[in-house]
Amino acid sequence: MLKPPIVDMFKVFYQHTRIFPRVDIASLLLRRTLLSTARCFSQNASPPSSSLTLEWMQDESDHLKQPARKKPNECSVLLFPGQGTQFVGMGQGLLKYRNVREMFDVAQKILGYDLLSLCLNGSEEELNKTVHCQPAVFVTSLAAVERLICEKPEAIENCVAAAGFSVGEFAALVFAGAMDFEEALYVVKVRAEAMQEASDRTRSGMLSVVGLPKASYSAACLQAREHCRALGVREPICTVASYLFPDGRVIAGHQEALDFLRDNARALHFLRARPLPVSGAFHSALMEPAVEALREVLRHVTVRRPQVAVHANVDGKRYAHEGLVRRLLAKQVVSPVCWEQTLQELYARERGRDFPHTYEVGPGRQLGATLQRCNLKAFRSYTHVDVVTPQD
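As the structure is a prediction and not an experimental result, all values here were calculated from the model.

Novice: So what exactly am I meant to see when it comes to the overall build of the protein chain here?
Specialist: When its secondary structure is counted, the protein chain shows 18 helices and ten strands. Considering the protein chain as a whole, with its 392 residues, one finds that 56% of them fall into the buried category. Of the contacts formed within the protein chain by residues at least 6 apart in sequence, a portion of 79% connects residues at least 24 apart. Summed over its atoms, the accessible surface of the protein chain is roughly 17,000 Å², and 48% of this surface lies on carbon and sulfur atoms.

Novice: Please clarify how helix α10 (residues 168-175) should be interpreted in this entry.
Specialist: Owing to its 3.6 residues per turn, the α-helix aligns residues three or four sequence positions apart on the same side. Within α10, eight of the eight residues are buried, which leaves the element mostly enclosed by the surrounding structure. Of all the positions in α10, only Gly168, Glu169, Phe170, Ala171, Ala172, Leu173, Val174 and Phe175 are classed as buried. Where α10 terminates, the next one or two residues include glycine 177, which has phi positive at roughly 80 degrees.

Novice: Could you clarify how one ought to interpret the pairing of strand β1 (residues 76-80) in this entry?
Specialist: The element β1 is largely enclosed, with a buried count of five among its five residues. Residues Ser76, Leu78 and Phe80 line one face of β1 and the alternating positions Val77 and Leu79 line the opposite face, and both faces are buried. In the sheet, β1 pairs with strand β2 (residues 159-164) via five bridges, with the strands oriented parallel. Residue pairing for β2: leucine 78 is matched across the bridge by alanine 162. Of the strand pairs in this sheet, β1 and strand β9 (residues 357-361) are connected by four bridges, and their pairing is parallel. Looking at β9, one finds that leucine 78 is bridged to tyrosine 359.

Novice: Mind showing me how you'd approach the packing of aromatic side chains here?
Specialist: In this description, an aromatic ring pair is defined by two values, namely the gap between the centres and the angle between the planes. For the structure shown, the criterion picks out six aromatic pairs. Ring centres 6.0 Å apart and planes at 15 degrees place the aromatic pair tyrosine 217 and phenylalanine 270 in the stacked group. In this pair, tyrosine 217 is assigned in helix α12 (residues 217-230) and phenylalanine 270 in strand β6 (residues 270-275), connecting sequence segments 53 residues apart. Aromatic pair phenylalanine 379 and tyrosine 382: ring centres 5.3 Å apart, planes at 20 degrees, arrangement stacked.

Novice: I'm lost on the packing of helix α14 (residues 288-298) against helix α15 (residues 322-332) in this one. Help?
Specialist: Describing two packed helices takes the angle between their axes plus the distance from one axis to the other. At their nearest, the axes of α14 and α15 sit 9 Å apart, and the two run at 160 degrees to each other. With respect to each other, α14 and α15 are oriented roughly antiparallel. α15 is crossed by α14, and the crossing has right-handed handedness. Taking contact as the criterion, the partners of Val291, Leu294, Arg295 and Leu298 in α14 are, on α15, Arg326, Leu329 and Ala330. In the contact of α14 with α15, the residues fall into five nonpolar, no polar and two charged.

Novice: Where do I start with the sheet that holds strand β3 (residues 204-211) in this structure?
Specialist: Strand pairing in a sheet relies on backbone hydrogen bonds. The paired strands run either parallel or antiparallel. Across the sheet, five strands lie side by side as β6-β3-β5-β4-β8; this open sheet has mixed pairing. The open sheet has two free edges, formed respectively by β6 and β8 (337-338), since each of these has just one partner strand. Here α12 sits on the sheet and contacts β3, β4 (238-245), β5 (248-254) and β6; the angle it forms with β4, its principal contact strand, is near 155 degrees. Running at roughly 135 degrees to β5, helix α13 (residues 255-263) makes contact with β3, β4, β5 and β6 of the sheet.

Novice: Just to check I follow, could you spell out the sheet that holds strand β10 (residues 382-385) for this structure?
Specialist: Strand order in the open sheet formed by five strands is β7-β2-β1-β9-β10, and the pairing between neighbours is parallel. If you trace the sheet from one side to the other, it starts and ends with β7 (309-311) and β10, each paired once. Neighbour-to-neighbour, the strand axes of this sheet turn through a mean angle of 20 degrees, independent of strand direction. Sheet strands in contact with α10 are β1, β2 and β7, and its direction is about 155 degrees off that of β2. Those strands touched by helix α16 (residues 339-347) are β1, β2, β7 and β9, and its axis lies near 170 degrees from that of β1.

Novice: I tried to follow the nonpolar core on my own but got confused; where do I start?
Specialist: The nonpolar side chains of soluble globular proteins are, as a tendency, buried together. Core analysis: the largest hydrophobic core is formed by 103 residues, its most contacted members being Leu78, Phe80, Phe138, Leu142, Phe175 and Met179. Of all the elements, helix α11 (residues 181-199) adds the most residues to this core, at ten residues. Leave out the neighbours within four places in its chain, and methionine 179 touches Phe170, Leu173, Val174, Ala184, Val187, Leu298, Val301, Thr302, Val303, Arg304 and Leu329.

Novice: Looking at this model, I keep getting lost on the environment of arginine 249. Mind explaining?
Specialist: Assignment of secondary structure puts arginine 249 in strand β5. Given a relative accessible area of 14%, arginine 249 falls into the buried group. Look past the residues within four positions of arginine 249 in its chain and what remains in contact with it is Leu207, Ser208, Val209, Tyr217, Val240, Ser242, Tyr243, Leu244 and Glu340.

Novice: What am I meant to see in helix α8 (residues 130-151) here?
Specialist: In this model, α8 (22 residues) spans 31 Å end to end at C-alpha, consistent with the 32 Å of a helix rising 1.5 Å per residue. For α8, the tally of buried residues reaches 19 of 22 residues, placing the bulk of the element in the interior.

Parameters at a glance
- Residues numbered from 1 in each chain as written.
- Predicted model: local features only at pLDDT ≥ 70, side-chain atom pairs only at ≥ 80, totals over all residues.
- Heavy atoms only, no water.
- Helix = DSSP H or I, 4+ residues; strand = E, 2+ residues; numbered from the N terminus.
- Buried < 20%, exposed > 50% of the residue type's maximum accessible area, 1.4 Å probe, protein only.
- Contact = heavy atoms within 4.5 Å.
- Areas by Shrake-Rupley, 256 points an atom, 1.4 Å probe, with all protein chains shown as cover.
- Pairing = 2+ DSSP bridges.
- Phe/Tyr/Trp six-rings, centres within 6.5 Å; stacked < 30°, edge-to-face > 60°.
- Axes fitted to C-alpha atoms, helices over the stretch in contact; angles between N-to-C directions.
- Parallel < 35°, antiparallel > 145°, perpendicular 65-115°, else oblique.
- Left-handed = near helix turned anticlockwise from the far one by under 90°.
- Nonpolar A, V, L, I, M, F, W, Y, C, P; charged D, E, K, R; others polar.
- Core = buried A, V, L, I, M, F, W, Y, C linked by side-chain atoms within 4.5 Å.
- Expected span 1.5 Å × (residues − 1).

In structure tokens, the structure reads:
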């Protein structure tokens, strides 16, 4: 649990190290997002109570007098990846873009180590640790947004929705103006440390599973729990931790349960059962010890209503108000990621209606792969924003 003195210390640190108080990173994104949302969809949306935001809105009042609703194929959706997408070298192609080095400088002050060097030069073992990879994916994803701003600003101006997978949800909320970059990064730091500590308490992990149509994941997990009890494991955990796409799941739990699933994959009608390179059973009850630390730190940071639709991992629905953001971010740690359901919410539309452009901003292309399996028509308008190759 995060003790109050630590929270107070963070507040002092935050006030004295904030290089761009809602100006460069969060403010640039928020400003563009506010304008696009007002033009496209939100004549009735309530802006945050920031005087700076009100000033921006007054500055752009000429543009907002006659908002024009955009066609679906003129709008965009941003997807932010989660843990497991990190790799040594990520971020190399982003350093030339405005704000990116400053973002990593701020990260070094908040995290206490050189995140940029870790991303660029490794080691892979250190980068893959939960305490490191969650902040790394978070910062690199928002740095990729800076590239998108430079190369295709209309993708930001016309953005109507965002979603992030697990820790990627924090990046989506920063992009949407619901949280400040610095505060969100501190929350991610606390979250990663708490999840690592929870993981260290027991042998556990995660298994990526693709099944045949007749596979029953709940029945498979039940058999695995019974196997664990026979081995003497008390209160065994084995449950679906992520809904990726039809017949694609991630299962989390005690290591003995995951070993049982792998050994009996054919009998359980699994086409594939592959261990994930993570340190624990994330998004399961084994993460319960991490919840209170996250809930506590979320009480001490500013959360605003998102200025574009951000969809929650817990149920796939968009956040309606800031109180829900705090509650569901804490709940997310022990709840399955409803990613398939999120994509259904994002791309649901009448037959024959066009789809928005989709941009995956951050390391890896996993979210594009899941979109392809869930909605091929939406995937045809998908683009990955590369975090390695620099612009020519």
